[in-house]
Amino acid sequence: MVGRVAPGQRRATGTPAPSAEPVTARIAVDLLGGDHAPAVVVDGALRAFQDDPSLHLLLVGPYDAADAILAAVDPAQRDRVGMLPMPAVELHPDDVARAALRSVADGLADAVVSAGNTAALVVAAARSVGRWPGVRRPPLAAVLPTVAGRLVLLDVGSAVDPDQDTLVMHARLGAAYAAVVNAVANPRVGLLTIGTERGKGDRLRRALPLRLAEADLPAGARYAGLIEGNDVVSGAPADVVVTDGFTGNVLLKGLETAYATLGPPGGDPASVPPRVAMLLGVAGTIVVCHGAASGGDLADGIAFAARMHRRAAVAAMADLIPHNEVTHE
């Protein structure tokens, strides 16, 4: 089992039943993460704070950005806002992200939300909260709407040039995520490529089907075969789609723009999950938003992180993929 999970999360098997009263969720917010920070982060944090009376914020970043949030908060509610201030002089956004991640490792927060540099976040997460053994390159997993329901796509930006072992591990992590977060029984795992005929794709995709078919996938998952881009929209053949972080990031951004412009599959805007990704294979709840995230996206990311903490999602996934200890780089 994982020796260390995010502070405040309890060990669980499967998805815990929600409690009658919302569990307090302490979310560390990276105030300098994103192309339009800190303004959109301040906006998003205030929205999330107002929507969830059991939410506590730990503001990580320069004094002026944190002060903008504190000034807008009802004085009677200021005990729900903490600060981890950092001097603004020569402050680099990556330093703020690392400090936010350390707050989880140090027990000051239950989860982190950032729209900062993905590569820096992944490295910092591995060093602060630690990776599960066997997870060399933690993937980012996003949930997309499909005609059939919802689908987990990974990786969407972390490991852009993975090897076979990395993608097999990502398949395992994606299956656990689908089972815990999307409540999918016996998830079907597909491999994204350019055709379903045998031998299609590059060298990596040609070698992976046998590995995935023989892989020990959790939650009763099974390898469902090769799938194409149109299958990601339909959602018919798979509940989890595995690909490299380069292809996954291109596909994710293209689909999100198409859905925002033309509407999601099925035409129901309520079916669109939040535009966030969760870092898997690390011993903490780490939620990553787009660099170009809006205030609404940041609010959704904070709310999503709170839900994942309250459902003890990381612990539940860890129970589906047992390990002995956490590895720190």
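Here we summarise the structure given alongside this text. (Residues numbered from 1 in each chain as written. Predicted model: local features only at pLDDT ≥ 70, side-chain atom pairs only at ≥ 80, totals over all residues. Heavy atoms only, no water.)

### Things to note about the overall build of the protein chain
Within the protein chain, the regular secondary structure consists of 10 helices and 11 strands. In terms of overall size, the protein chain behaves like a compact globule, its C-alpha atoms giving a radius of gyration of 19 Å where 329 residues would be expected to give roughly 20 Å. Residues counted as buried form 55% of the 329 residues belonging to the protein chain. Sequence-distant contacts, at least 24 apart, represent 78% of the contacts inside the protein chain between residues at least 6 apart. Carbon and sulfur atoms make up 53% of the accessible area of the protein chain, which amounts to about 13500 Å² in all. Taken together, the 28 basic and 34 acidic charged side chains of the protein chain have centroids lying 6 Å from each other. (Helix = DSSP H or I, 4+ residues; strand = E, 2+ residues; numbered from the N terminus. Rg over C-alpha atoms; globule rule 2.2 N^0.38 Å. Buried < 20%, exposed > 50% of the residue type's maximum accessible area, 1.4 Å probe, protein only. Contact = heavy atoms within 4.5 Å. Areas by Shrake-Rupley, 256 points an atom, 1.4 Å probe, with all protein chains shown as cover. Lys, Arg positive; Asp, Glu negative; His and termini not counted. Charge placed at Lys NZ, Arg CZ, Asp CG, Glu CD.)

### Side note on the packing of helix H5 (residues 164–181) against helix H6 (residues 203–214)
Interaxial distance between H5 and H6 falls to 10 Å at its minimum, and their mutual angle equals 50°. Between H5 and H6, the interaxial angle falls into the category oblique. The hand of the H5/H6 crossing is right-handed. On the side of H5, the interface is formed by Gln164, Asp165, Leu167, Val168 and Ala171, while H6 contributes Leu204, Ala207, Leu208, Arg211 and Leu212. (Axes fitted to C-alpha atoms, helices over the stretch in contact; angles between N-to-C directions. Parallel < 35°, antiparallel > 145°, perpendicular 65-115°, else oblique. Left-handed = near helix turned anticlockwise from the far one by under 90°.)

### What to know about the pattern of salt bridges
One pass over the structure, following the stated rule, counts 12 salt bridges. Across the pair Arg205 and Asp244 runs a salt bridge whose closest N-O atoms are separated by 2.1 Å. Here Arg205 is found in helix H6, whereas its partner Asp244 is found in the loop between strand S9 (240–242) and helix H8 (245–262), with 39 residues between them in sequence. Residues Arg205 and Asp244 agree in their burial class; the two are buried. For Arg275, the salt bridge goes to Glu256, with nearest N and O atoms at 3.4 Å. Of this pair, Arg275 sits in the loop between H8 and strand S10 (276–279) while Glu256 sits in helix H8, and the two are 19 residues apart along the sequence. Via salt bridges that share partners, Asp202, Arg205 and Asp244 belong to a single interconnected network. (Salt bridge = Lys/Arg side-chain N within 4 Å of Asp/Glu carboxyl O.)

### Comments concerning helix H2 (residues 63–72)
Those residues of H2 not exposed but buried are Ala65, Ala66, Ile69 and Leu70. Along the long axis of H2, the arc covered by the buried residues comes to 135°, so they all point the same way. In H2, those exposed residues whose orientation departs by more than 90 degrees from the buried face are Asp64 and Ala71. (Arc of directions from axis to C-beta.)

### Observations concerning the nonpolar core
When a protein is soluble and globular, its nonpolar side chains tend to lie buried together. Counting 72 residues, the largest nonpolar core has Ile27, Trp132, Tyr177, Ile302 and Met317 as its most contacted members. Among the elements that make up this core, the one with the highest residue count is H5 (11 residues). Leaving out residues up to four positions away in the same chain, Ile27 has contacts with Leu55, His56, Leu57, Leu58, Ala111, Val113, Ile302, Ala305 and Ala306. (Core = buried A, V, L, I, M, F, W, Y, C linked by side-chain atoms within 4.5 Å.)

### Observations concerning the pairing of strand S11 (residues 285–289)
In terms of burial, S11 is a largely internal element, five of the five residues being buried. Neither face of S11 is open: one carries Thr285, Val287 and Cys289, the other Ile286 and Val288, and all of them are buried. Looking at chain direction, strand S4 (residues 111–114) and S11 are connected through four bridges and run parallel. Within S11, the residue paired with Ser114 across the bridge is Val288. For S10 and S11, the ladder comprises three bridges, and the chain directions are antiparallel. By the bridge assignment for S11, Val276 is matched with Cys289. Taken together, S10 and the strand that follows it, S11, pair antiparallel across an intervening segment of five residues, in which Gly281 is found at a positive phi of about 80°. (Pairing = 2+ DSSP bridges.)

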